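This is what each chain is made of:
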Amino acid sequence: MKKSIIPIIIATILMIACNSKQEKAEIRIKNFITGYESKVIPVSREAALASWNANITGTDEDWAKSEKASFKLASIYTDSLSFAELKELKLSGLVKDSILARQLELIYNSFLGGQVDPALLAEQIKMETEISKKYSNFRVTINGKELSDNQIEEILKNSTDSKELQTAWQEHKMIGPVVADDIIRLVKHRNMIAQKIGFGNYHEMTLKLSGQDPEEVTAIFDELDNLTRESFAGLKNEIDTYFAKRYKIKVQDLKPWHYQNRYFQEAPEIYPVDFDSYYEKQDPVKLAAAFFDGIGLNVDSILVRSDLYEKPGKNQHAFSTDIDREGDVRTLDNVKPDSYWMNTMLHELGHGVYSYYCDRSLPFTLRDAAHAFTTEAIANMFGRLATDPVWMCDMGIISMEESEKIIPVSRTALRLQMLVFSRWAQVMYRFEKSMYEDPDQDLNQLWWNLVEKYQMLAKPEGRNMPDWATKIHIALYPCYYHNYLLGELLASQWYYYLTANITSSRSFVGDKSAGNYLKEKVFLPGSRYYWNDMIEKSTGEKLTAKYYAKQFVE
Ligand SMILES: [Zn+2]
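Procedures and definitions
Counting from 1, residues in each chain are numbered in the order their sequence is written. Local features in this predicted model are restricted to residues whose pLDDT is 70 or higher, and side-chain atom pairs enter the listing and the counts only when it is 80 or higher, whereas totals over whole chains, interfaces and linings include all residues. Each side-chain value is derived from all of the structure's non-hydrogen atoms; neither hydrogens nor water enter the calculation. Axes here mean lines fitted to C-alpha atoms, for a helix over just the part in contact, with angles spanning 0 to 180 degrees between N-to-C directions. Comment: elements are numbered from the N terminus, with helices defined as DSSP H or I runs of at least four residues and strands as E runs of at least two. An angle below 35 degrees is treated as roughly parallel, one above 145 as roughly antiparallel, one from 65 to 115 as roughly perpendicular, and anything else as oblique. A crossing counts as left-handed when the near helix is turned anticlockwise from the far one by less than a right angle, and as right-handed when that turn is clockwise. Contact between two residues is taken to exist if any of their heavy atoms lie within 4.5 Å; hydrogens are not considered. By the convention adopted, Pro, Cys, Tyr, Trp, Phe, Met, Ile, Leu, Val and Ala count as nonpolar, Lys, Arg, Asp and Glu as charged, and the other residues, Gly among them, as polar. Between the first and last residue of a helix there are one fewer steps than residues, each counted as 1.5 Å, and that sum is the expected span. To sort residues, take the accessible area from a 1.4 Å probe on protein chains only and compare it with the maximum for the residue type: under 20% means buried, over 50% means exposed, and anything in between is partly exposed. Directions drawn from the helix axis to the C-beta atoms are what define this arc. The charged-residue count follows a simple rule in which Lys and Arg add positive charge and Asp and Glu add negative charge, with His and chain termini not counted at all. In what follows, salt bridge is the name for a side-chain nitrogen of Lys or Arg lying within 4 Å of a carboxyl oxygen of Asp or Glu. As used in this structure description, the phrase polar contact means that two N or O atoms lie within 3.5 Å; if the pair is within protein, one of them must be able to donate a hydrogen and the other to accept it, and residues adjacent in sequence are counted only when both atoms belong to side chains. Only N, O and S atoms count as donors, using a 2.8 Å limit from the metal and a wider 3.2 Å limit for Na, K and Ca, and since water is excluded some coordination spheres may look unfilled. By definition, two strands form a pair when at least two bridges between them are found by DSSP.

(A) Looking closely at the packing of helix α17 (residues 400-437) against helix α20 (residues 482-502). At a minimum axis distance of 9 Å, the contact between α17 and α20 shows a crossing angle of 140°. Comparing the axis directions of α17 and α20 gives the class oblique. Considering only the axes of α17 and α20, their crossing is left-handed. Only His482, Tyr484, Leu485 and Glu488 of α20 make contact with α17, whose side of the interface consists of Met418, Phe421, Ser422, Ala425 and Tyr429. A class-by-class count of the residues in the contact of α17 with α20 yields 6 nonpolar, 2 polar and 1 charged.

(B) Layout of helix α3 (residues 80-92). Between its terminal C-alpha atoms α3 stretches 18 Å, which fits the 18 Å expected from 13 residues at 1.5 Å a residue. Of the residues making up α3, those classed as buried are Ser82, Phe83, Leu86 and Leu89. Viewed along the axis of α3, the buried residues span an arc of 130°, placing them on a single side of the element. Away from the buried face of α3 by more than 90 degrees, exposed residues Leu81 and Leu91 are located.

(C) Spotlight on the side chain of Asp324. For Asp324, the location among the structural elements is in the loop between β3 (319-322) and β4 (329-332). Buried within the structure, Asp324 lacks any salt-bridge partner; Arg45 is the closest side chain of opposite charge, at an N-O distance of 4.3 Å. Polar side-chain contacts of Asp324 include one of 2.8 Å to the backbone nitrogen of Glu326. A polar contact of 3.5 Å, which involves the side chain of Asp324, links it to the backbone nitrogen of Gly327. Apart from residues lying up to four places away in sequence, Asp324 is in contact with Arg45, Phe364 and Arg367.

(D) Structural view of the coordination of the zinc ion. Protein-derived ligands of the zinc ion are His347 (NE2), His351 (NE2) and Glu376 (OE), with the metal-ligand distances lying across 2.0 to 2.2 Å. Of note, the donors binding the zinc ion are all from one chain and are spaced H-x3-H-x24-E. Taken together, the positions of His347 in helix α14 (residues 339-356) and Glu376 in helix α15 (residues 372-383) put the pair 29 residues apart, joining distant regions of the chain. Take Glu376: its relative accessible area is 17%, and that puts it in the buried class.

(E) Seen up close, the pairing of β3. By the alternation rule, side chains of β3 split into Phe319 and Thr321, which are all buried, and Ser320 and Asp322, of which none is buried. Where β3 and β4 come together, 4 bridges link them in antiparallel fashion. Counted as the bridge partner of Asp322 is Val329 from β4. Linking β3 to β4, which pair antiparallel, is a turn of 6 residues; within it Arg325 sits at a positive phi near 55°.

(F) Region of the structure containing the environment of Lys236. By the secondary structure assignment, Lys236 is in helix α10 (residues 214-247). Distance from Lys236 to Glu146, taken between C-alpha atoms, is 33 Å for residues 90 residues apart in sequence. For Lys236, the residues in contact, after removing those within four places along its chain, are Tyr259, Phe264, Gln455, Met456 and Leu457. Within the structure, the side chain of Lys236 is placed 2.8 Å from the backbone oxygen of Met456, a separation counted as a polar contact.

Structure (structure tokens):
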């Protein structure tokens, strides 16, 4: 058969032209990345070190240095010429090489977030600072006595006097009217900023810039709602029966102040196991180091750089930080021999191994977790072991006999804790999403509709107060709360995958195959893949609520 040669020649010319266009675009992004890295690598290291020092010394001088370094880092992303270059390359669709395209996407998002009018940003920070001051200055006063949040929690946890509980709960909620109008103004301001750079609202912007699609997240929350609703209703009945007895009232007379917590975000202690007593004579640092070494993820070089014990002026909490993405990974803690710090050591070192065992031959931008919640998932998966009787037995902390004795009750307690938290996180996620979509709606009613639906708590009759505004995260740590729950879901998904396919040990103790799997499938890829692709590559499925439900519902 005779074929005309002309179309082949045209096709070849077009292909060459196309290839050279792609080549040119890829050279441009490579050059951009070289320039970008020369700025961002030293400055981000400087900022991480300054923040580390400030958290340890707590001096004004070190905090000022840290603030300055953070500002210097943030300033890199405000450059509008660089952004224009990135935007052109992104819209062209010509960067096809997967490593370059992924870097372009991540760097583009960082610069897009930096394109906010500095005057608007300054205004936002001013509003946030004012609100923050109002929260810190607010004190509950009962019978002429000032009470801290911790003291309110103490009353809610320990009192059995309904009147006293009601007063403590209601008085604590008086911060609501003090900040509510300010928060609505701030929400509208944040929305304006988001709209100026092309998003529908601030919630959508925050999720999308972090690489999350709000619809995808909502679908997972819906899935979890369906999987937990019935079990939660059953457990809620158990809780209600317990409390009706405790307060000597009828179940139908139970009010939100009867649940031992300001928001019913934590499980009431119906099934107590005194885990602290098992750790009184233990060293959580030694235990954690031995455990990680046993699964093939040695943490010695993290621990030598870390700051593990209490000091005056030091941050009283805990965190893990990757200083340079070159192996300088540290954790700040205030370790004591109890179950809380055992959990925290495993948690923080979980973050630590995720950073430490990344593939250092990847470009700087990709030497990071796939998402904030994926590193949270690893941290949670390890942290949970601290109160897992099987792990405690395998680590020699308790005897086999003791372990078997406490397995049923600790399982019920954990199940309760997880279910209560998951229903509360539903309220937070859905409230924030809806509030940013329409800040002018009746937010007081929206809040109680969600609390009634997801937490199954009855609104006190006739109550019309901005109770949503009493939760500081809504004003000051916006659109992040859902990540805590996504982290829990993924922790369960990996745990199930590991115990079903990789290791025969339920506690991972001494089994290097668990560490090797995590290294290869989770830590080494860094942020090379979109988080849900990484999850699919490592477990064969996208993120699902199924395994969380398996672990805590069935
Ligand atoms: Zn964490």
